[in-house]
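Coordinate inspection notes
One letter stands for each residue in the lines below.
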Amino acid sequence: AYIWRAKSQVALGNWMEALKDVGEALAIDPTGLEDYQWRDDVYKTLNVELFRLRATIYMESNSYESAILALNEVISRDPAPTAGDYHSRGYVSYMRKQYRRAVDDLTEAILIEPTRTRFELRGASYYYSGKDIFKVQYQKALSDFEQAIRMGSTSNLIEWRSLTHSKLDQFD
């Protein structure tokens with residue numbers, strides 16, 4: 001019941017109430033009771049979904065440190081973390097200015113399911129971590145922006161590409 005109420009609270013934008021309900025749902029561990037032993041796998045899956053929901057709530061409320069912890073739980077508990085899980089953790093790392101970690105997670109997300117948004121965000125992460133003497137990070141950023149543009153051009157991507165060209169002393 002708590003998970004459904006938490007999802008309803010999320011839909012209404014009531015983040016703190018949703019967070020309380022997720023906490024209550026995670027506090028219940030029926031897998032330890034004899035009558036519920038046959039439901040063990042179902043509850044493990046449910047716990048992953050609860051941590052995923054908790055991460056969403058923290059992200060929406062800009063509590064990025066807590067979001068990282070919840071996403072770490074999702075990725076460590078889920079036998080097959082989704083591209084969305086890695087994308088979310090990469091996004092949170094980007095927002096925390098942890099660009100190298102963002103690149104790692106976004107690379108995982110791209111390997112599972114490449115999208116324009118993931119290439120753009122990874123490109124931005126490379127761009128901001130690109131203060132190296134040989135400009136390798138800027139080259140990687142440019143490659144990602146160009147891949148994202150091939151997947152669907154936007155004015156934002158064109159601007160990113162132009163900024164990156166200027167960092168590389170290449171003017172288009």
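Placed above this text is the structure.
On a plain count of helices and strands, the chain comes out with nine helices and zero strands. Classification of the 172 residues of the chain by burial places 44% in the buried group. Considering only contacts within the chain whose residues lie at least 6 apart along the sequence, 49% involve residues at least 24 apart. Taken as a whole, the chain presents about 9,800 Å² of accessible surface, with 51% of it coming from carbon and sulfur.

What follows deals with the pattern of salt bridges. For the coordinates displayed, the defined rule picks out nine salt bridges. As a salt-bridge pair, E65 and R96 come within 2.4 Å of each other at their nearest N and O atoms. A residue pair is termed long-range when its members are at least 10 positions apart, and E65 in helix α4 (residues 64–77) and R96 in the loop between α5 (83–95) and α6 (99–112) qualify at 31 residues. As a salt-bridge pair, R77 and E73 come within 2.7 Å of each other at their nearest N and O atoms. Of the two residues, R77 and E73 are both situated in helix α4; the distance of four residues between them amounts to about one turn of the helix. Exposure remark for E73: the relative accessible area of 29% places this residue in the partly exposed category. What you see here is one network of salt bridges that share partners, running through E49, R52, D78 and D85.

Criteria and cut-off values
Residues numbered from 1 in each chain as written. Predicted model: local features only at pLDDT ≥ 70, side-chain atom pairs only at ≥ 80, totals over all residues. Heavy atoms only, no water. Helix = DSSP H or I, 4+ residues; strand = E, 2+ residues; numbered from the N terminus. Buried < 20%, exposed > 50% of the residue type's maximum accessible area, 1.4 Å probe, protein only. Contact = heavy atoms within 4.5 Å. Areas by Shrake-Rupley, 256 points an atom, 1.4 Å probe, with all protein chains shown as cover. Salt bridge = Lys/Arg side-chain N within 4 Å of Asp/Glu carboxyl O.

Honestly, that's just the spatial picture; any functional story needs more than this.
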